[in-house]
Amino acid sequence: MLSAALASLLAACTAPAAPAASDSSQATTADATAVAVAEAVVSPAQPVVEAPAPAHPLQVAAEVLLRKDTPDFDRYYADYTIGDLDRDGRDDIAVEYGLGEEGAMRHVANHVRMLMSRDGGLQLVPDDGENLFGYCAAVRDIVDGVLRVDALEACMVPFPKAIAHHRYEWSGQGLRQLDEETPEQRILSQLAEIETALREERDEVLVRHLRKHPLSIGPGAAPAERGVDRSLFADAPRRKDFAAAVELLRKAELQSLGSDE
């Protein structure tokens, strides 16, 4: 057995080695690898970026008119809020934009301008912002002929809190303030709106106060319905219970928390 093992070992030691790849084939493989790596570095795979949605036609028209009146109105930022303010069946547009100087105080305030839809096209309302918006104004929406604007504690604070809530209507010549609410009053009025909408089955009002969240709604659903689960209030007893709960919450006493809460 020992001699057989020695013979096998000797055969293994003396067996010819497998032929090695030629130098030319090795060089070809190395060159191809180098080219592939270089191409990946020079032209990395680019992520697919969807094109931004086209701007609303009213926004485009508003930008043209505002740029004639104030060429650098959007130097810092510009937000557009669209809705029918004068209740004539045509959407109007409110534009909020930043004001300030370059340097450390590059954005120190903001301004709001109104543009109304008329038979001849969009018209820029004469500027009366200093009298109407003598505060850091944040436009929220235009709904049911009412422009809602929040007064912020300051424009320069990273996360400013609202210190008052203003509502404006169209007087025929310009904006006219309807009322002003404190944050506490605004909470109570919103609860009252929710309670009334629940009792009167006015879902179009109710959904304005609901937080949007992902839902498995079919592609055929209207954009306004996406993210709102209307089935929550479809059942009459459940709707009645919701209304009663909101009423109790509305009548509960509000308490001020500490400055850090």
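Residues numbered from 1 in each chain as written. Predicted model: local features only at pLDDT ≥ 70, side-chain atom pairs only at ≥ 80, totals over all residues. Heavy atoms only, no water.

Asks: Kindly report on the overall build of the chain, identifying the contributing residues and their values.
Replies: For the chain, the helix and strand inventory stands at seven helices and eight strands. For the chain, with 261 residues in total, the buried portion stands at 27%. When the accessible area of the chain is evaluated, it comes to approximately 17,600 Å², of which 56% is carbon and sulfur surface. (Helix = DSSP H or I, 4+ residues; strand = E, 2+ residues; numbered from the N terminus. Buried < 20%, exposed > 50% of the residue type's maximum accessible area, 1.4 Å probe, protein only. Areas by Shrake-Rupley, 256 points an atom, 1.4 Å probe, with all protein chains shown as cover.)

Asks: Explain the state of the cysteines residue by residue, including any values.
Replies: All chains considered together, the criterion is met by one disulfide. A disulfide bridge connects Cys-136 with Cys-155, and the sulfur atoms are separated by 2.0 Å. The sign of the S-S torsion, about 120°, decides the handedness of the disulfide formed by Cys-136 and Cys-155: right-handed. Note that Cys-136 is positioned in strand S5 (residues 136-143) and Cys-155 in the loop between strand S6 (146-152) and strand S7 (162-170), a separation of 19 residues in sequence. Under the relative-accessibility criterion, Cys-136 is labelled buried at 9%. (Disulfide = S-S within 2.5 Å.)

Asks: A description of the environment of Tyr-76 should follow, citing residues and the corresponding values.
Replies: Relative to the assigned elements, Tyr-76 resides in the loop between helix H3 (57-69) and strand S1 (78-83). Between the C-alpha atoms of Tyr-76 and Glu-101, which are 25 residues apart in sequence, the distance is 9.9 Å.

Asks: Outline the confidence of the model for the chain, listing residues and values.
Replies: On average, the chain scores 79 in pLDDT, and the residues at 70 or more come to 70%. For residues 1-18, every residue scores under 50 in pLDDT, and the model assigns this stretch zero contacts once sequence neighbours within four places are set aside. Between residues 215-226, whose pLDDT stays under 50, and residues either more than four places distant or in other chains, the model counts twelve contacts. (pLDDT = per-residue confidence, 0-100. Contact = heavy atoms within 4.5 Å.)

Asks: Outline the sheet that holds strand S3 (residues 109-118), listing residues and values.
Replies: With antiparallel pairing, four strands are arranged side by side in an open sheet as S1-S2-S3-S4. With one partner strand each, in any of the chains shown, S1 and strand S4 (121-124) form the two edges of the open sheet. Taken over all neighbouring pairs, the strand axes of this sheet differ in orientation by 25° on average, direction set aside. Strand direction decides the pairing type here: strand S2 (residues 92-99) and S3, joined by seven bridges, are antiparallel. If you follow Ala-94 over to S3, its bridge partner there is Met-114. Seen against the sheet, H3 touches S1, S2, S3 and S4 and runs at an angle of roughly 40° to S4. (Pairing = 2+ DSSP bridges. Axes fitted to C-alpha atoms, helices over the stretch in contact; angles between N-to-C directions.)

Asks: Tell me about the pattern of salt bridges, and please be specific about residues and values.
Replies: The tally for this structure, following the rule as stated, stands at 19 salt bridges. A salt bridge links Asp-141 to Arg-148, with the nearest nitrogen and oxygen atoms 2.9 Å apart. Residue classification places Asp-141 among the partly exposed residues on the basis of a relative accessible area of 23%. Ionic pairing is found between Asp-179 and Arg-167, a salt bridge with its closest N-O pair at 2.9 Å. Note that Asp-179 is positioned in strand S8 (residues 175-181) and Arg-167 in strand S7, a separation of twelve residues in sequence. Overall, the relative accessible area of 25% leaves Asp-179 in the partly exposed class. Judged by its relative accessible area of 29%, Arg-167 is partly exposed. (Salt bridge = Lys/Arg side-chain N within 4 Å of Asp/Glu carboxyl O.)

Asks: Got a sec to walk through the packing of helix H5 (residues 183-199) against helix H7 (residues 236-251)? Specific residues and values, please.
Replies: Orientation of H5 relative to H7, taken along the N-to-C sense of each, is 160°, at an axis distance of 9 Å. When the interaxial angle is binned, H5 and H7 end up roughly antiparallel. Of the two elements, H5 crosses H7, and the hand of that crossing is left-handed. Packed against H5, whose contacting residues are Leu-188, Leu-191, Ala-192, Ile-194, Glu-195, Ala-197, Leu-198 and Arg-199, the element H7 presents Arg-239, Phe-242, Ala-243, Ala-244, Val-246, Glu-247, Leu-249 and Arg-250 at the interface. Here the residues of the contact of H5 with H7 are counted per class, giving eleven nonpolar, no polar and five charged. (Parallel < 35°, antiparallel > 145°, perpendicular 65-115°, else oblique. Left-handed = near helix turned anticlockwise from the far one by under 90°. Nonpolar A, V, L, I, M, F, W, Y, C, P; charged D, E, K, R; others polar.)

Asks: Describe the nonpolar core, listing the residues and the values that go with them.
Replies: Counting 19 residues, the largest nonpolar core has Leu-85, Met-114, Phe-133, Leu-147, Val-149, Tyr-168 and Leu-175 as the members making the most contacts within it. For this core, the elements supplying multiple residues, two or more each, are S3, S5, S6 and S7. Once residues lying within four places of it in the same chain are set aside, the contact partners of Met-114 are Leu-85, Ile-93, Ala-94, Gln-123, Leu-124, Val-125, Leu-147 and Leu-175. (Core = buried A, V, L, I, M, F, W, Y, C linked by side-chain atoms within 4.5 Å.)

Asks: So, H7: which residues are in play, and what are the values?
Replies: Each α-helix winds once per 3.6 residues, and so residues spaced three or four apart point in a common direction. With 16 residues, H7 should reach 22 Å at 1.5 Å per residue; the first-to-last C-alpha distance of 23 Å fits that figure. Tucked into the core, H7 has its buried residues touching H5 and helix H6 (203-206). (Expected span 1.5 Å × (residues − 1).)

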